[in-house]
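# Structure assessment
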Amino acid sequence: TSAALRVESDLGNLVSGRFFGVGVFQSLASIGISDATIDEEGNFNPANQGKLRLDKDKLQTAFEQDPAALEKLFLDPDRGVLAKLNALVERLAGNESSTLGLRGKTLADKVEANEERIAAMNARIDRERERLTLQFYQLEQVLAKLFNGLDALSNFSPVPPMTSARNS
């Protein structure tokens with residue numbers, strides 16, 4: 001769905017984006033954190049979709065080079081990774097007007113509409129069942145009367161024809 005693509009795109013932009021004004025390190029890639037979907041040769045690897053890759057040596061080097069700048073990259077209250085991640089989560093899932101909140105409301109509305117349709121169909125089925133049951137009962141009564149009439153007819157014995165006096 002578009003909501004899932006939006007989440008994927010926004011998170012991808014966060015991982016691959018730049019963080020200006022936070023010091024020496026301006027991207028996660030510069031400290032060894034990258035999207036694992038793209039391998040070292042630049043080829044797309046769908047098996048790693050949604051995963052991150054960590055280059056421990058690069059992160060260790062960044063930490064040794066300037067631990068304060070590394071901390072600022074993550075914790076700057078306005079421009080750091082954590083601030084941008086919090087803003088992204090709030091925009092995507094933070095409230096009812098967020099991307100996922102709106103999608104959830106849309107799905108809930110569809111569920112409610114379908115439940116109403118099911119209730120209406122069940123009521124219609126119940127009415128039809130009642131109508132057919134009544135019709136069946138009426139047909140059973142008609143058949144019972146017909147069988148009673150047939151029984152009565154089968155009990156009649158034939159009456160011999162009357163002969164006229166002129167023939168004698």
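First, a word on scope: everything that follows refers to the structure included in this document. (Residues numbered from 1 in each chain as written. Predicted model: local features only at pLDDT ≥ 70, side-chain atom pairs only at ≥ 80, totals over all residues. Heavy atoms only, no water.)

## Digging into the overall build of the protein
When helices and strands are counted, the protein shows five helices and two strands. Reading the helices (α) and strands (β) of the protein from amino to carboxyl end gives α-β-β-α-α-α-α. Relative to the compact-globule value of 15 Å for 168 residues, the protein shows a C-alpha radius of gyration of 41 Å, a clear excess of over 25%. With respect to the three principal axes, the spread of C-alpha positions in the protein is 145 × 35 × 20 Å. (Helix = DSSP H or I, 4+ residues; strand = E, 2+ residues; numbered from the N terminus. Rg over C-alpha atoms; globule rule 2.2 N^0.38 Å.)

## Digging into the pattern of salt bridges
Per the stated rule, a full pass over the model turns up four salt bridges. When the shortest N-O distance is used, the salt bridge between Arg 131 and Glu 128 registers 2.5 Å. Of this pair, Arg 131 and Glu 128 both sit in helix α5 (residues 99–154), three residues apart, which is roughly one turn of that helix. Under the relative-accessibility criterion, Arg 131 is labelled partly exposed at 43%. (Salt bridge = Lys/Arg side-chain N within 4 Å of Asp/Glu carboxyl O. Buried < 20%, exposed > 50% of the residue type's maximum accessible area, 1.4 Å probe, protein only.)

## Examining the side chain of Asp 10
One can find Asp 10 in helix α1 (residues 2–16). Among the polar contacts made by the side chain of Asp 10, one reaches the side chain of Arg 91 at a distance of 3.4 Å. Excluding anything up to four places from it in sequence, Asp 10 contacts Leu 88, Arg 91 and Leu 92. (Polar contact = N/O pair within 3.5 Å; in protein donor to acceptor, adjacent residues only side chain to side chain. Contact = heavy atoms within 4.5 Å.)

## Things to note about α1
A rise of 1.5 Å per residue sets the reference length of α1, with its 15 residues, at 21 Å; its end C-alpha atoms lie 21 Å apart and thus fit the reference within 8%. The set of residues buried in α1 consists of Ala 3, Val 7, Asp 10, Leu 14 and Val 15. The buried residues of α1 all sit within an arc of 140 degrees when viewed along its axis, so they share a single face. Counted as exposed and oriented over 90 degrees from the buried face of α1: Ser 2, Leu 5 and Ser 16. Tucked inside the fold, the buried residues of α1 contact β1 (33–35), β2 (52–54), α4 (81–93) and α5. (Expected span 1.5 Å × (residues − 1). Arc of directions from axis to C-beta.)

## With respect to the nonpolar core
A general feature of soluble globular proteins is that nonpolar side chains tend to end up buried together. Phe 19, Phe 25, Leu 28, Ile 31, Leu 73 and Val 81 are the most contacted members of the largest nonpolar core, which totals 15 residues. Secondary structure elements with two or more residues in this core: α1, α3 (67–75) and α4. Leaving out residues up to four positions away in the same chain, Phe 25 has contacts with Phe 19, Ser 30, Ile 31, Ala 62, Gln 65, Asp 66, Ala 69, Leu 70 and Leu 73. (Core = buried A, V, L, I, M, F, W, Y, C linked by side-chain atoms within 4.5 Å.)

## Regarding the environment of Phe 74
Mapping Phe 74 onto the fold places it in helix α3. Among the residues examined, Phe 74 registers a relative accessible area of 28% and is labelled partly exposed. When the C-alpha atoms of Phe 74 and Ser 9 are compared, they prove to be 20 Å apart, with 65 residues separating the residues in sequence.

## Considering the packing of α1 against α5
Between α1 and α5, whose axes approach to 10 Å, the crossing angle comes to 165 degrees. The pairing of α1 with α5 is recorded here as roughly antiparallel in orientation. The handedness of the crossing between α1 and α5 comes out as left-handed. Seen from α1, the contacting residues are Ala 3, Arg 6 and Val 7; seen from α5, they are Thr 99, Leu 100 and Arg 103. The class makeup of the residues in the contact of α1 with α5 is three nonpolar, one polar and two charged. (Axes fitted to C-alpha atoms, helices over the stretch in contact; angles between N-to-C directions. Parallel < 35°, antiparallel > 145°, perpendicular 65-115°, else oblique. Left-handed = near helix turned anticlockwise from the far one by under 90°. Nonpolar A, V, L, I, M, F, W, Y, C, P; charged D, E, K, R; others polar.)

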